[in-house]
Structures are given as structure tokens and as C-alpha cells.
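Each chain is listed here by its residues.
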Amino acid sequence: GNSVTQMEGPVTLSEEAFLTINCTYTATGYPSLFWYVQYPGEGLQLLLKATKADDKGSNKGFEATYRKETTSFHLEKGSVQVSDSAVYFCALSERGAQKLVFGQGTRLTINP
Amino acid sequence: DGGITQSPKYLFRKEGQNVTLSCEQNLNHDAMYWYRQDPGQGLRLIYYSQIVNDFQKGDIAEGYSVSREKKESFPLTVTSAQKNPTAFYLCASSSRTGRVDTQYFGPGTRLTVL
């Protein structure tokens, strides 16, 4: 079956540090890939997405590239801020399946 | 503004009681979903509906029930048969049109069973 594996957290960084959160997936076919962010006590917000191999999703300084050869979709940001502290979820959706499969989430804390 | 609303934000119930969580959307989306989130875990799909008057079980449907009588509404009932109902419940919706199945989430309801 389809699955998503994220790097284990929690991850703690200092402000302005470089961020990478690893995400790999297992899927049949060619899924769409997503990163969602959850701030404390809130629902999930779509951060970025990519629908085919070599696509790069980007938003708010975050980027992730759909790598079919390594089945990965790692999230990166060049300079994190305290306001980036949240839980980040990687997810996939098989084309037309209308169902999302989530990773377990990675808690990120940014210290000033 | 278009969006998804869930009410209430916090809900407390005694063990053995059924409880219904509300989810309403004004995005004109056909598909709606219910997820459960437990501390330190990802989201698990409870039920989903792709069209009015139709719904399918997700991965953890036991002890839950849903209805989809209107396009805008997808209430979830947590029954007394659910063995561990205390959790954070998230509702989502998506459009069936377009190539990307982006789901948009509500703010969630935190249910605590005493």
C-alpha cells in the first residue's frame, strides 16, 4: 500500500538556520505530493504541492522538489524564523484517488 | 470568505454518550473527509464522501458514523462503541475537478471523553 515516511522529530534550530525535513514515499503509479503545516491548536494548512516528477513546489520561502528516482519530497528553507515553529506533514495522493496518506509529522521549534 | 468551519472547538462528554461533531463548508466542494489525530501521530482517515448521499469508510471507521444529506455539511457522530474517542478531529474538503487533489482543512474539534 501507499505510505509516507518523515524524519523523526522534534527538530530544534536557531533562527536563520537552514532547514531540511526529509520525506520519502512508497506508492503505485504517480502520486501528487504535499506539505501541510499545523500551528498549535489549529487545523492543517497547505504549504506547497507538486504533481509530477521534477516539479518544485514553493511558498513562504519553503521549497520541495518531487524526486521520482529517489521517491522523495524533502522540505527545505534557507533561513527559518521563530514563526515557522509548527508541525509539518508530508502527504501523498494517488491521482484521482481523492484520499491523502500522511506521514507522522515532524515538530519543528525555532529558537530566537 | 470561503472556508471550512468546525464546531465546537472543544467538546467534553461522559463515557458511553454519543456525540456529533459539526463540519460545514462554503467552498462548493464535492468531497469531504474526517480525520482523527492523536498526539505525535499523523492523521488517520475515518470516513469520506465524494458526493451527497454517499460515503465510504476510511481506515478507522469502527465506532463512528456519518451522513451527507447536504453538499455543505458532513457531520461525524462518535458513538459509544468507539473505544478510545479522546482525540483531535479534523474535517477537510476538496474539489473533484482539477488534477490535484488538494484538501483544505477546518480548525478542528478537540474531543475529551471523561
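Everything below is about the structure shown above.
Residues numbered from 1 in each chain as written. Chains lettered and ligands numbered in written order. Predicted model: local features only at pLDDT ≥ 70, side-chain atom pairs only at ≥ 80, totals over all residues. Heavy atoms only, no water.

A.B. asks: For this particular structure, what's the right way to read the sheet that holds strand β7 (residues 64-66) of chain B?
C.D. replies: Adjacent strands of a sheet form backbone hydrogen bonds with each other and so pair up, either parallel or antiparallel. Residue and element names in this part refer to chain B. Strand order in the open sheet formed by four strands is β1-β3-β8-β7, with antiparallel pairing between adjacent strands. Of all the strands in the sheet, just β1 (4-7) and β7 have a single pairing partner and so form its edges. Sheet twist, expressed as the average angle between the axes of neighbouring strands with direction ignored, equals 20°. Sheet topology places β1 next to strand β3 (residues 19-25); four bridges connect them, and they run antiparallel. Bridge pairing links Q6 to C23 in β3. (Pairing = 2+ DSSP bridges. Helix = DSSP H or I, 4+ residues; strand = E, 2+ residues; numbered from the N terminus. Axes fitted to C-alpha atoms, helices over the stretch in contact; angles between N-to-C directions.)

A.B. asks: Would you mind going over the state of the cysteines with me for this structure?
C.D. replies: Joining two cysteines, a disulfide is a covalent bond between their sulfur atoms. Applying the stated rule across the entire model yields two disulfides over all chains. In this model, C23(A) is linked to C90(A) through a disulfide, with the two sulfur atoms separated by 2.0 Å. Residues C23(A) and C90(A) are joined through a disulfide that is left-handed, its torsion about the S-S bond being -70°. Linking C23(A) in strand β4 (residues 23-26) with C90(A) in strand β10 (residues 86-93), this pair joins segments that are 67 residues apart in sequence. Exposure remark for C23(A): the relative accessible area of 1% places this residue in the buried category. Judged by its relative accessible area of 1%, C90(A) is buried. With a sulfur-sulfur separation of 1.9 Å, C23(B) is cross-linked through a disulfide to C91(B). On the sign convention where negative is left-handed, the bridge of C23(B) and C91(B), at about -75° about the S-S bond, is left-handed. Of this pair, C23(B) sits in strand β3 while C91(B) sits in strand β9 (residues 87-94), and the two are 68 residues apart along the sequence. The same class applies to C23(B) and to C91(B), which are both buried. (Disulfide = S-S within 2.5 Å. Buried < 20%, exposed > 50% of the residue type's maximum accessible area, 1.4 Å probe, protein only.)

A.B. asks: What exactly am I supposed to notice about the side chain of Q37(B) here?
C.D. replies: Mapped onto the fold, Q37(B) is located in strand β4 (residues 31-37). Judged by its relative accessible area of 10%, Q37(B) is buried. In terms of polar contacts, Q37(B) uses its side chain to reach the side chain of Q38(A), at 2.9 Å. Residues contacting Q37(B), with those up to four places away along its chain left out, are Q38(A), F89(A), G42(B), L43(B), A87(B), F88(B) and L90(B). (Polar contact = N/O pair within 3.5 Å; in protein donor to acceptor, adjacent residues only side chain to side chain. Contact = heavy atoms within 4.5 Å.)

That is the geometry; function is a separate question.
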